[in-house]
Each structure stands twice: as C-alpha cells, then as structure tokens.
Amino acid sequence: MARIVQKFGGTSVGDIARIRNVAKRVKAEIDQGNEVAVVVSAMSGVTNQLVAYCNEMAPLHDAREYDAIVATGEQVTSGLLAIALQEMGISARSWAGWQIPIITDDAHGKARIAEIKGDAIIASMKQGHVAVVAGFQGLGPDGRVSTLGRGGSDTTAVALAAAVKADRCDIYTDVDGVYTTDPRIVKTARKLNKITYEEMLESASLGAKVLQTRSVEMAMKHRVRVQVLSSFTDENAPPASALPGTLVCDEEEIVEKELVSGIAYSRDEAKVTLTGVSDRPGIAAGVFGPLSEANINVDMIVQNTSHDGTTDITFTCSRTELDRALKVLKDVKVECKEIATDKSVVKVSVIGVGMRSHAGVAQTMFKALADKGINIHVISTSEIKVSVLIGEEYTELALRALHTAYGLDAA
Ligand code: ADP
Ligand code: ASP
Ligand code: MG
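Residues numbered from 1 in each chain as written. Chains lettered and ligands numbered in written order. Predicted model: local features only at pLDDT ≥ 70, side-chain atom pairs only at ≥ 80, totals over all residues. Heavy atoms only, no water.

Describe helix H5 (residues 119–126), with residues and values.
Turning to H5, its buried residues are Ile121, Ile122, Ser124 and Met125. The buried residues of H5 occupy an angular sector of 165° when projected down its axis, which confines them to one face. Exposed and oriented more than 90 degrees from the buried face of H5 are Asp119 and Lys126. Along its buried surface, H5 packs onto strand S1 (3–8), strand S2 (35–40), strand S3 (92–95), strand S6 (130–134) and helix H6 (153–163). Once H5 finishes, Gly128 follows within two positions and takes phi at roughly 85°, a positive value. (Buried < 20%, exposed > 50% of the residue type's maximum accessible area, 1.4 Å probe, protein only. Helix = DSSP H or I, 4+ residues; strand = E, 2+ residues; numbered from the N terminus. Arc of directions from axis to C-beta. Contact = heavy atoms within 4.5 Å.)

The structure is reproduced here in structure tokens:
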C-alpha cells in the first residue's frame, strides 16, 4: 500500500466527461489498495476568465478581492469530482483551502504556503475516504482567502504530499511528462524519463509551465517524489505505475547526465529602460528598492557605462506587473530622461547541470541565434543556465534552432 497525492490540471478536468475520467484514475489507485488524496485545478479557461473579469473591473484592483474571485474556480471542480467519485461508490468529500487549513502568508495573488496541517486529511485517508482538495487556494493571516499564483495547484499538491508524508505525488497534465522543451512548439522535443530537482527548478522558473516553480522548490526541500503524467494517454485510466511519465528526483538517481537538459521560454516578460539616469552612487538602490518594497520581482538588469555623467538602466519584470512597476517609478519620481517599455520580448534559456563543468555552452547559443539573424537584447547567466532576451516574434525559430544546436532533437 502506498499513500499518494494525485493532482489534475485544468485540461484534465476541462469538462464533465473529463472529470468522470479523473474519477476513474482515482479509483484505479484505490483498487491497488492505495490511500489517496486528490488536488484539482479549475476547469480549463475558468481562471483566465476570472482574472479577465478583475482586470476589466479595474486594472489596478484590490489583490484580496482578486483572490476571493479567482479562488472560486477550484472550488467548483473539487465539488464536482467528489460527486463523480460518490457516483462510483467511492467515499469522497471536497475540501477548501481554509478547511484543511492551508495557511499562507499575506502576499495576496502570489501567496506562499507557510504551513499545511495534514492531520485531518491523514485521518480521512486512513478511514478510506478520498479527500478532494481545491488547489491554488489558502488562508491568509488576515483570515481571508489567498491564492498561490498562476499554476499554484501544483504547489498545493506537493505541499500536501509533504504534509501527509505521501510516497508519491502524481501530477497529471495534458502532456505525458517533462520534455527537453515545450513539445507544443518544438515537435522534435524528447521526453525525459528523469530530471533532477535542480534542473526542473531552473526550467520552471525560466518559464516551463509544466510545474509551478514553487512546487519544485517544495519537492526539493522535502524530497517529495514527483511524477509528471498525462491524464489523456489511456482512456481506460490505468494506475500511474503503468504509465510512462517523468520522475523528478535527485541527481544521484540519474545515470546519464546531459550537458543541456532543456530549453525554456517565458513570454511573461516586459523590458523597462530608464535613459539619462545620473551615474552616481545610490541610483540603482533608488530604483530597485521601491520596486522590491512593492513586491515586484525584477529579473534581468543591465546598466551601461556612462557618458556625460549619465547612463541607461534596463531591467525586466513580469508583463502582468509592468503597470504597477511604472506606477512605483512614477511615484518615487525616479530621476531620468525617459522611461521606455517593451512588452514584445521573450526570455529563452538553456539549462543543464552539465554546464558546471563544461565551457562553450553560451557560445553555442549565441552562434545558433546569430545564424538565424536573431538579435539579443539582454543576457544573464548562472551556474546551470544561460538566458537571453529576444524579440517575441523569434520565439519558435529560436527554440527550434537551439534544440538542434544542442543535439536535443529526437531521433
Ligand atoms: P495543467 O493545466 O495541467 O497544470 P499546464 O498548461 O500548466 O497544465 O502545463 C502543461 C503545459 O506545459 C504543456 O501543455 C506544455 O505546453 C507546457 N510545457 C512547457 N514546457 C514544457 C516542457 N519542457 N515539458 C512539458 N511541457 C511543457
Ligand atoms: N487555476 C489556477 C491557474 O490557472 C491554478 C492552477 O491551475 O494550477 O493558474
Ligand atoms: Mg499548470
């Protein structure tokens, strides 16, 4: 017997028929004698619609009300799946985040899980009941509903798996594993049987949305065995042990290590350039301090060498936070000639633990992009990745060219 947390993403619960299919997959694990808790996302498209309503009502809205609105999607699915399971003769009930409770911090809209009290779910599983948990939502210290940021149901699942000491956390989605790059864009992408926590963390934070970044952080910290699987592959809904997914695990478990394991991209990028900034101590702190106080994540930063005592500073932030970032810069009256923005950029990154011990990885990237005539706006590197910011119109061309340049194409 194993204790399993299963998570089903938006497309996996996209309509009533799919929710019934999910119920079959839950039953398949129960029939194996396993204890099961399930985490569900909102039905596909629902969260986007709810977010759009908030933006339409007011672009700079109250984040606590945003959470009250967008958290409803998951609640619908958890109730529907509980009914589907009951219809199959399985004892099940839905759980909202506040009922467990899943306690978060107060960063509404992108809250972090502070604690999950696993006792009630463990007791329920031990009695043979299936707990169907609404993903993505928690309870803030202000007593109000919070949400965990887009893709947050992955994090609910991994955190729950850690809290109930599950043997496995199975993440069901619309692709059958983690690929060398987004298989929807690069048809020659290869499925990986295993990927290290570190590489998955880097890929997720650089845009591979198959797992939310925080879910991987959480898995790495608590050593949760995460498997990524498709809920579409076999309509007979076999147990996960019969499906070929991707296991996210420790580096030691992987025998064949690749120099580059993947290529990720993120369209959620905006570039901000401050021109004519005076070149003296304290200026960068005056720009980035207020942004960080406003909880805006700044990613890449470049500052040019000065001429005439002034310089240019360019940075990137999330496209969704651009309006707020500009408001902060305006409010603190940043001294500069002009603030220019560009929303049509994409960040493309190559990732691999093998980079630690090999030179020339960045050069291969620059050459492959140059050969396609793609101009690089900003570059940033870390121990196991190289990222470039390029024009959004080149996304697909760049991904394909890099995939081939690093020898990742499937045979
Ligand atoms: P869910 O709704 O199940 O949470 P998501 O849409 O959040 O699913 O994540 C799955 C999607 O992630 C896939 O459809 C795929 O297009 C995308 N994706 C991006 N990069 C990768 C990758 N390296 N491997 C697999 N899928 C990826
Ligand atoms: N429904 C939320 C979203 O679309 C959370 C999730 O699916 O993981 O972002
Ligand atoms: Mg997702």
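Don't stop here, the text continues.
Before we move on, can you summarise the environment of Ile185 with the specific residues and values?
Counting through the fold element by element, Ile185 comes out in the loop between strand S9 (168–173) and strand S10 (194–196). For the pair Ile185 and Val386, spaced 201 residues apart in the sequence, the C-alpha separation amounts to 20 Å. Contact partners of Ile185, with chain neighbours within four places excluded, come to Tyr265, Arg267, Glu396, Leu399 and Arg400.

Any chance you could break down the sheet that holds strand S16 (residues 310–317) for me, citing the residues and the numbers?
Taken together, the four strands give an open sheet; going across it, the order is S15-S16-S14-S17, and neighbouring strands pair in antiparallel fashion. Strand pairing shows two members of the sheet lacking a second neighbour, strand S15 (298–303) and strand S17 (338–342), which therefore form its edges. Neighbour-to-neighbour, the strand axes of the sheet open up by a mean angle of 20°, direction not taken into account. The pairing of strand S14 (residues 270–278) with S17 spans five bridges and is classified as antiparallel. If you follow Val272 over to S17, its bridge partner there is Thr341. Running over the sheet, helix H9 (residues 283–293) touches S14, S15 and S16 and is turned about 20° from S16. (Pairing = 2+ DSSP bridges. Axes fitted to C-alpha atoms, helices over the stretch in contact; angles between N-to-C directions.)

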